[in-house]
Structures are given as C-alpha cells and as structure tokens.
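The lines below spell out each chain.
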Amino acid sequence: MILTCPACATRYFVDNDAVPPGGRSVRCSACDTTWRAQGHVEAPAGPSDEIREMHDPLPELFSLRPAPPPRRRRSVLKVWAAAGVVVVLAGVTAVFRTEIERAWPASAGVYAAVLGE
C-alpha cells in the first residue's frame with residue numbers, strides 16, 4: 001500500500017497489514033503532519049490482481065520524496081551569453097567610434113552622454 005502525505009506529498013510504501021480496514025492515524029516523518037490513513041480494502045478478483053502481485057515485493061517501508069525542482073542551468077548560460085554579446089558590442093563600438101560617428105552623426109551625442117564628455 002502507498003500512503004501519501006496530504007501536506008508535502010511524500011509517499012511511503014507500507015505493508016497492507018500495517019493499516020487496518022478501519023484506518024489509523026499516521027504521521028509524516030518529513031513534515032510531521034498527522035492524518036488518518038484508510039486500510040486496505042479487498043477488491044474482487046480480476047486482472048488488477050495480477051498487477052498487484054507484481055508490486056508486492058516492495059520493501060515494508062520506503063519513502064519517496066518529491067523530485068527536487070529542475071536546475072536552471074540553461075537560464076544561467078543564456079544570461080552569460082547575453083552579457084558576452086553586450087561586452088563584445090561595446091568593444092566593437094568603442095574601437096570603431098569614429099567610423100560610426102561619420103556614418104551616423106546622431107551617435108556622437110550618445111557617445112558624449114555615455115562617456116561624460
């Protein structure tokens with residue numbers, strides 16, 4: 001049987017006999033939430049019994065915590081790439097300042113404002 005904490009979604013595999021049919025009070029070891037777990041109810045024989053038998057060899061008590069959130073590695077790489085592009089463009093405009101001012105005279109005011117001239 002699998003018990004799932006309603007507060008933090010931590011799941012526990014427990015033996016079917018650990019919780020009586022009438023239910024019992026259980027406490028999550030991850031967040032200390034207490035709730036009432038319902039016992040195992042026998043289902044009529046059918047194809048689902050074959051599936052249940054395949055999963056019976058699970059350990060008596062095994063905790064499955066929710067997966068941690070995915071790392072944001074790609075976002076960090078995008079930020080570094082954008083910063084690199086900005087640095088390269090700033091260097092190019094600084095090297096070719098006079099050519100840019102000749103081709104686009106309005107840029108002289110931008111250079112003066114940025115450089116404090």
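This is a predicted model, so every value here is computed, not measured. (Residues numbered from 1 in each chain as written. Predicted model: local features only at pLDDT ≥ 70, side-chain atom pairs only at ≥ 80, totals over all residues. Heavy atoms only, no water.)

### Here we look at the state of the cysteines
Okay, so step 1: Summed over the entire model, instances satisfying the criterion amount to zero disulfides.
Okay, so step 2: With no disulfide of its own, Cys8 has Cys31 as its nearest cysteine by sulfur position, at a separation of 3.7 Å.
Okay, so step 3: We classify Cys8 as partly exposed; its relative accessible area is 25%.
Okay, so step 4: A disulfide-free cysteine, Cys28 has its sulfur positioned 3.7 Å from the sulfur of Cys8, the nearest such atom.
Okay, so step 5: Residue Cys28 is classed as buried on the basis of its relative accessible area, which comes to 0%. (Disulfide = S-S within 2.5 Å. Buried < 20%, exposed > 50% of the residue type's maximum accessible area, 1.4 Å probe, protein only.)

### Side note on helix H2 (residues 73-95)
Okay, so step 1: A rise of 1.5 Å per residue sets the reference length of H2, with its 23 residues, at 33 Å; its end C-alpha atoms lie 33 Å apart and thus fit the reference within 8%.
Okay, so step 2: With zero of its 23 residues buried, H2 lies for the most part at the surface. (Helix = DSSP H or I, 4+ residues; strand = E, 2+ residues; numbered from the N terminus. Expected span 1.5 Å × (residues − 1).)

### Description of the nonpolar core
Within soluble globular proteins, side chains that are nonpolar tend to cluster in buried spots.
Okay, so step 1: In terms of nonpolar packing, the biggest core is built from nine residues, these being Leu3, Cys5, Tyr12, Val14, Val19, Val26, Cys28, Trp35 and Ala37.
Okay, so step 2: Every residue in contact with Leu3, bar those within four places of it in the chain, is listed here: Thr10, Arg11, Tyr12, Val14, Val19, Val26, Trp35 and Ala37. (Core = buried A, V, L, I, M, F, W, Y, C linked by side-chain atoms within 4.5 Å. Contact = heavy atoms within 4.5 Å.)

### Some details on the pairing of strand E4 (residues 34-37)
Okay, so step 1: Going residue by residue along E4, you find Trp35 and Ala37 tucked away on one face and Thr34 and Arg36 left uncovered on the opposite face.
Okay, so step 2: In terms of strand pairing, strand E3 (residues 24-27) meets E4 through four bridges, oriented antiparallel. If you follow Ser25 over to E4, its bridge partner there is Arg36.
Okay, so step 3: Connecting E3 to the next strand, E4, in antiparallel fashion are six residues, including Asp32 with a positive phi near 65°. (Pairing = 2+ DSSP bridges.)

### What to know about the confidence of the model for the protein chain
Okay, so step 1: Of the residues in the protein chain, 74% have a pLDDT of 70 or more, and the chain-wide mean is 77.
Okay, so step 2: When the elements of the protein chain are averaged for pLDDT, helix H1 (residues 47-55) gives the smallest value, 52, and helix H3 (residues 97-103) the largest, 90. (pLDDT = per-residue confidence, 0-100.)

### Quick look at unusual backbone geometry
Okay, so step 1: Residues other than glycine seldom take positive phi values, yet Ala9 does so here, at roughly 65°.
Okay, so step 2: Secondary-structure assignment places Ala9 in the loop between strand E1 (2-4) and strand E2 (11-13).
Okay, so step 3: The residue Asp32 is not glycine, and still its phi comes out positive at about 65°.
Okay, so step 4: Tracing the chain through its elements places Asp32 in the loop between E3 and E4.

### Considerations on the pattern of salt bridges
Okay, so step 1: Scanning the model with the defined rule gives one salt bridge in all.
Okay, so step 2: One salt bridge connects Arg97 with Glu101, and the closest N-O pair in it is separated by 3.1 Å. With Arg97 and Glu101 both in helix H3 and four residues apart, the pair spans about one turn of that helix.
Okay, so step 3: Judged by relative accessible area, Arg97 falls into the partly exposed class, the value being 21%.
Okay, so step 4: Taking the relative accessible area as the measure of exposure, Glu101 reaches 23% and is therefore partly exposed. (Salt bridge = Lys/Arg side-chain N within 4 Å of Asp/Glu carboxyl O.)

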